Structures are given as C-alpha cells and as structure tokens.
Amino acid sequence: MSPRIPSAWFGNRDMILTADLANVQHLLSTNLSNYPKGPDTRRIFSAYGQILFAADIKDWRFHRKFALAFFHNQKLQHFTVRINQEVLEKGLVPVLDHASEHRVTVDLQDVFQRAMLDATFMMISGKNRGSLCVGLPKDVVLEALHDASDVILLRHILPERFWMFQRWLGVGAEKRLSKACEVLDDAAAKCIKIWKEQTSNISKSEHGEESLDAITFFYNEEEFLESVGEQDYTMREIVKGIIFAGTDTASPVLSWVFWLLSKNPIVESKIREELAVNLRATESRTRIFFDLKELKKLVYLHAAMCETLRLFPSSPFQSRTCIKADLLPSGHHVKANKRVVICTNAMARMRFVAFSSGPRICPGKELAFARLKAIAATSLFNYQFHVGTKIAKDQPVATPATSIILRMKHVFSKYGCSGVGVVVRDEWGNFVASSSHKIFGIFSPEVIEAYAAKTAISLLLQWKEPKIILEGDSLKIINMIKLMESDDSTYRVLLDYILLSLQSFAAWEANWVPRQANVPVHLLVRNARSISNICSWSSSPPPFLSSAILADLSSP
Ligand code: HEM
C-alpha cells in the first residue's frame, strides 16, 4: 500500500504514505543513507532537541554511538532497578492505595505518564521528579509534552509557511508550542543544574558506583565533550530528547494494555496467574517491587505488551526524506526531496515495527520493557482495575488522541478533578475552621458529599468534640447517615468509615440543608479546583468566604 498525497495549497508538500514491508526495509535498512529524516524533521521536531532523534547521517552516527554505549551500559541496568523501585514505592503504590481506599476513579493514563516521567527524570539526573503523588497535581512538563505532540502533528499537515507565520505572530497552536518549548527548555536546564549541585555535594561512593544517570555518562565521555561545541547547550538538547523519548512513547502502552485487559478478562487472569507463580515477593517490600530476574520470567505479560504495541504502536508514523530520486520496491517513484511516511499504525496490524527497525531502531527498547513490566506487574499483583462506569457510559475510552503519539484521548477533561469543601462552625454558627480539598477524578455528588462528611468527621475526631451536627445537601447521603445504613455503591467505604466514626461521639445529628443554604461550602469546592492539593483555615475564614459566612449569620 503506497498512496501518493499530492501537494495542495492548503496542505504540506508531496508525500508518499507506505505500509509495505519491503518498502519499509528499503527505507529503514538497505537504503537508509538515501532516506534521512531531513532538515524538515529537525524544524518540525525542534521541541525535542536537535540531538540524535532529529540528527542525520554523520551527526546521527556520532550521537548514536554514545547513545548505545549509555543504553547498553551495565550500570544503567542496575540504576533502572533502583529507579523502578523508587517510582513504585514513592509514587505508584501510594496513589493506587489512596484510590482504592477512598474508592475514587483515577485516570490510569495520567498515572502511568507520571510514572514514566519520574523514572525518566531520575534516569537523566538521578533525581525523582515526584509528579506521581496523591492528588496528582498539575505537572507543567506533562502538559508541555502533550501540547508539543499535538502541535507537531499539525506541523506535519499544514504548509510550513503557514505555521512559521503563526509562530512569528505568536498565535494559535504555535503559541502553545512555543510555551511548551520554553517549559521543556527550562526543565532540561533545571535537571542539569540539580545534577551539578548534587554532584558537588555528594561523594562518588554516596552517589553509588553502580548507578549511571545520563548526565553523568555524557559529562564523563571525553571524546564526546571534545567534539561537541557548546557543552551546556548540547546537554540540554540531549536531556530534552530523552524526556520525550523516555516518557511520551512508553506511557501510552500501559493505558492500552489495561484497556485491552478490561476487554479480555481471560488474558488478565492468565497474567495474574503468571505473576502468582513466578513472583516471589521480596522480604522487606512485601508486595511492591519485583527484581529484573523475576520480571524476565513474565513471558506472558511480555507477549501481551508486544501485542498491545503491535495493535497500538506509540509512534504511529515515521517520516523520511528522499535525497536522490529512487524507485521503491513497490514500484513507486520517489522524487528527490519528497517525503515518505511509514504508517507504523497501519502496518503494525501485520508486522511488529513499534520500535522501528534497522540501524535507527529504538535504543531504549529493553529499558522500556523493564519499566513497563515493573509497573504492570506491581499494579496487577496488588490491585483490581475496573473501567469507571461514568467513562464506559459517556465516552468511547479507546479513541486515540490527535497527536504524533498514539495515546488515548483524555478520559477525563484535562487533569479532571473534583473539589471538596468543609466548614466547621460553633453552636452559634460562628466560623471555626474550613478546608478545600482537591481530589483527582470526576465524581458523583454523593461521593463528594460522603468524602466531605468523612473529612469533617476526621477533623472533629482530632479535636475530641463530644457533640456534632453534620449538614449536607445530598438527601441520599444524609438519610443513609441518619439511618446508619451502608450499601454496595461506590461510596460504601466512605459511608462505613463515617458510620463507624460517629460512634466515637457522645451525640451526633445529621441534617439535610438545601443547596442554596450551603453557599460557603460551594465556594470552598470551587476554590479546591484551583489549588494543588489541600488548603485549610482556622480562626478566621479566607477572604473569599467572609461575606458568605456573614450572610449566613445574619439570615434568620
Ligand atoms: C514502548 C516504548 C517505546 C517505543 C514504542 C519507542 C519507539 C521508538 C521509535 C519508533 C523510534 C524511531 C523513531 C524515528 O526514527 O522516527 C524510537 C527512537 C528512539 N527511542 Fe524509543 N521507544 C520507546 C521507549 C524508549 C525509551 C524508554 C527510551 C529511552 C529513554 C527511548 C529512546 C529512543 C531514542 C534515543 C531514539 C532515537 C534513536 C535514533 O534515532 O537513533 N525509547 N523509539
């Protein structure tokens, strides 16, 4: 299959799309020197740095040599074990524990992207970024990666003059991309700064002789340093390239795996069986972490991942530019300077080319599998996953995003979250304390109400109040509390906690109030959406709440 897309005033220039295996071999292996990525690619992909990924011919050969030396280094493998352990223990497990304890729905794609981002940052500078934490606060680098991959797709389609003009004017999609580039530049510069500070403070033995981060590796390669001009600039470009390559391409695989498992319960149970048979939980970390040897035994999980990558390759296409006019094995003529696009997505249904092939095959393949398997094994070994009912009803979850990366369209609105507000008053209605709490995910009013009641009760338990009155505007939740009833709903765990805790008070009441009478709480809920996690106030209310509290006090 090799259709030719003719040039048009509104489109990018002539290109040939191909999914023919013989053509792909010709382009990526046998005639690679005639099909570099080309100067267009360097301009289109500028956000990801100019080294390796976008480099061609001599430059590429030079950088590839060092990239292979880094990715195949034994010390990096040791370090990968430590990275996986840290990201799982400090990031993934607390977040999934919190979600399962509170029965909240989480966007697994976001969770996995953060896990990959943190692991990648650690691999680059030795320091965990910590974006994967309870509350899932907004992360500017993740947002920048999304923006960049969306706009880069537009750059492939629109005429260069159009997007260059947009960029010059600083409007539209190009404005988004410029901002994303600034964020990525800044993140890369910070990584290098942090690494330099750490290296000056930590002795080699503390740093761990067995570990190897990317910046240490490249700063220790004399041949590399001598050949590149501006060292700091080159290092920043390398770091940007690794942030993209290590995060964006790897994280969608897990969301597709978990989505496919939800459709194929037999495969899921076979993977769980394989985990149970092969994984010996380590002594100190009873259920969190599995070593590389154990992960290597998980052949069925590995096969499920390859199959997912075959059906949903993270990089759905690859683009090459023809230098000298050529004839493709399929019989199609390619003129000089014409672009040939390999449609990995269409091809992958027949062949496995998710990691590309030939001399430019992905050098991070083994590392990617080590991370992906560690995350999937820990998640499946310890938790049960269900597709959220709201999502299943309202949205076709498996729609791919319009991007150069085949990730799912966001199942929640971007960084979907809900707010919980609590106000504590004394017996005369005066303000005592309040809190705004952001929780990740979109929930029904009942879940939010139950969450708010639980938060209020936890607060009052700490203060050892003998008598309390709970007020809320969800009749259903208030009636269940009054009747001391729980049920099988998604908020059952919250209700069970509330009902048990209420027994610690000498006296309690639960009253329904109409929504209009609950203005301060709704202001706190609105405030919760704009904060990163939790905010609380005692003695005097925050300014945005004062007039609503006064209005409440003066109402009959
Ligand atoms: C499942 C995960 C991954 C997939 C599907 C994947 C896929 C790919 C593909 C298709 C290419 C070729 C792109 C092109 O030439 O246009 C590539 C290149 C590359 N990948 Fe990966 N990759 C993954 C993970 C990683 C990881 C974790 C790293 C390292 C942190 C990495 C580092 C690179 C680098 C440096 C290149 C450029 C190689 C070159 O041009 O010589 N990849 N990857």
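Shown above is the structure to which this text applies.
Residues numbered from 1 in each chain as written. Predicted model: local features only at pLDDT ≥ 70, side-chain atom pairs only at ≥ 80, totals over all residues. Heavy atoms only, no water.

This part is about the overall build of the protein chain. When its secondary structure is counted, the protein chain shows 24 helices and 11 strands. By the burial criterion, 51% of the 556 residues in the protein chain qualify as buried. (Helix = DSSP H or I, 4+ residues; strand = E, 2+ residues; numbered from the N terminus. Buried < 20%, exposed > 50% of the residue type's maximum accessible area, 1.4 Å probe, protein only.)

Let us look at a nonpolar patch on the surface. Taken together, Phe165, Trp168, Leu169 and Val171 make up a surface patch of nonpolar side chains, about 460 Å² in accessible area. Within the secondary structure, Trp168 sits in helix 7 (residues 160-169). (Patch = residues over 30% accessible without salt bridge, like charges linked within 9 Å, V, L, I, M, F, W, Y side chains within 5 Å. Areas by Shrake-Rupley, 256 points an atom, 1.4 Å probe, with all protein chains shown as cover. Salt bridge = Lys/Arg side-chain N within 4 Å of Asp/Glu carboxyl O.)

This next bit is on the nonpolar core. Counting 99 residues, the largest nonpolar core has Tyr48, Ile215 and Leu254 as its most contacted members. Sort the elements by how many residues they give to this core and helix 5 (residues 108-125) lands first, with 11 residues. Ignoring any residue separated from it by four or fewer positions in sequence, one finds Leu254 in contact with Phe112, Met116, Met305, Leu372, Ile375 and Ala376. By size, the runner-up hydrophobic cluster in this structure holds 27 residues, among which are Ile448, Tyr451, Leu470 and Ile481. (Core = buried A, V, L, I, M, F, W, Y, C linked by side-chain atoms within 4.5 Å. Contact = heavy atoms within 4.5 Å.)

Next up on the list: the pairing of strand 6 (residues 339-342). Here strand 6 shows no split at all, with Arg339 and Val341 on one side and Val340 and Ile342 on the other all buried. Bridge analysis of strand 2 (residues 15-18) against strand 6 gives four bridges, and the strand direction is parallel. Paired with Thr18 across the strands is Ile342, a residue of strand 6. With four bridges connecting them, strand 3 (residues 318-321) and strand 6 associate as antiparallel partners. Note that in strand 6 the partner of Gln318 across the bridge is Ile342. (Pairing = 2+ DSSP bridges.)

With that settled, the discussion passes to the environment of Cys535. With respect to the helices and strands, the residue Cys535 is situated in strand 11 (residues 534-538). Here Cys535 falls in the partly exposed class, since its relative accessible area comes to 28%. Between the alpha carbons of Cys535 and Gly421 there is a distance of 9.8 Å; along the sequence they are 114 residues apart. Residues contacting Cys535, with those up to four places away along its chain left out, are Ser434, Ser435 and Ser436.

Below, the discussion takes up the packing of helix 4 (residues 74-101) against helix 5. Packing of helix 4 against helix 5 leaves a shortest axis separation of 9 Å and a crossing angle of 145°. Once helix 4 is placed against helix 5, the crossing between them reads as right-handed. Along the contact surface, helix 4 presents Leu76, Phe79, Ile83, Glu86, Val87, Leu92, Val95 and Leu96, while helix 5 presents Leu108, Val111, Phe112, Ala115, Asp118, Ala119, Met122 and Met123. A class-by-class count of the residues in the contact of helix 4 with helix 5 yields 14 nonpolar, no polar and two charged. (Axes fitted to C-alpha atoms, helices over the stretch in contact; angles between N-to-C directions. Left-handed = near helix turned anticlockwise from the far one by under 90°. Nonpolar A, V, L, I, M, F, W, Y, C, P; charged D, E, K, R; others polar.)

Right, let's talk about the site of the ligand for a bit. Taken together, 27 residues sit near the ligand, with Lys37, Trp60, Arg64, Arg360 and Cys362 positioned nearest. Trp60 is positioned with one of its side-chain polar atoms (N or O) 2.8 Å from an oxygen atom of the ligand. Within the side chain of Arg360, one N or O atom sits 3.1 Å away from an oxygen atom of the ligand. Contributing elements (two or more residues each) for the shell around the ligand: helix 3 (57-71), helix 12 (231-247), strand 3 and helix 18 (365-382). (Near = heavy atom within 4 Å. Polar contact = N/O pair within 3.5 Å; in protein donor to acceptor, adjacent residues only side chain to side chain.)

Moving on: the coordination of the iron atom of the ligand. Where a metal carries four tetrahedral donors, each ideal angle is 109.5 degrees; where it carries six octahedral donors, the ideal angles are 90 or 180 degrees. There is one protein donor for the iron atom of the ligand, namely Cys362 (SG), at 2.3 Å. Its location among the elements puts Cys362 in the loop between helix 17 (344-347) and helix 18. (Donors = N, O, S within 2.8 Å, 3.2 Å for Na, K, Ca; no water.)

Per the stated rule, a full pass over the model turns up 20 salt bridges. Of the charged contacts in the structure, one is a salt bridge between Asp150 and Arg407, with a shortest N-O distance of 2.9 Å. Placement of the pair is Asp150 in helix 6 (residues 140-157) and Arg407 in the loop between helix 19 (389-394) and strand 7 (417-425), with a sequence separation of 257 residues. Among the residues examined, Arg407 registers a relative accessible area of 4% and is labelled buried. Ionic contacts of the salt-bridge type, sharing partners, join the residues Asp40, Arg43, Glu160 and Arg339 into one network.

Moving on to the side chain of Ser131. You can see Ser131 is positioned in the loop between helix 5 and helix 6. Engagement of the side chain of Ser131 in a polar contact is seen with the side chain of Asp118, the distance being 2.9 Å. In this view, Ser131 contacts Arg114, Leu117, Asp118 and Asp139; residues no more than four positions away in its chain are not counted.

Below, the discussion takes up helix 1 (residues 21-30). Among all positions in helix 1, only Asn23, Val24, His26, Leu27 and Leu28 are buried. Down the axis of helix 1, the buried side of the element spans an arc of 165°, and every buried residue falls inside it. Elements in contact with the buried residues of helix 1: strand 2, strand 3, strand 4 (326-327), strand 6 and helix 17. Two or three places before Ala22, at the opening of helix 1, Asp20 has a side-chain oxygen 2.8 Å from that residue's backbone nitrogen. (Arc of directions from axis to C-beta.)

Right, let's talk about the packing of aromatic side chains for a bit. Enumeration according to the criterion identifies 20 aromatic pairs in this entry. On the numbers, 5.6 Å between centres and 50° between planes, the contact of Phe355 with Phe369 is tilted. A residue pair is termed long-range when its members are at least 10 positions apart, and Phe355 in the loop between helix 17 and helix 18 and Phe369 in helix 18 qualify at 14 residues. Assessed through its relative accessible area of 12%, Phe355 is described here as buried. Overall, the relative accessible area of 5% leaves Phe369 in the buried class. A connected cluster of aromatic rings, assembled from ring pairs, spans Phe62, Phe66, Phe70, Phe71, Phe217, Phe218 and Phe224. Between Arg129 and the ring centre of Phe121, over which it is positioned, the NZ or CZ distance is 4.9 Å. We note Lys454 situated over the ring of Tyr497; from NZ or CZ to the ring centre the distance is 4.9 Å. (Phe/Tyr/Trp six-rings, centres within 6.5 Å; stacked < 30°, edge-to-face > 60°. Lys NZ or Arg CZ within 6 Å of the ring centre and 35° of its normal.)

A separate point is helix 22 (residues 492-502). Listing the buried residues of helix 22 in full gives Leu494, Leu495, Ile498, Leu499, Ser501 and Leu502. All buried residues of helix 22 project into a common sector of 165° when viewed along the axis, lining one side. Structurally, helix 22 contributes buried residues whose contacts are with helix 20 (445-462), strand 9 (467-472), helix 21 (475-482) and strand 10 (507-512).

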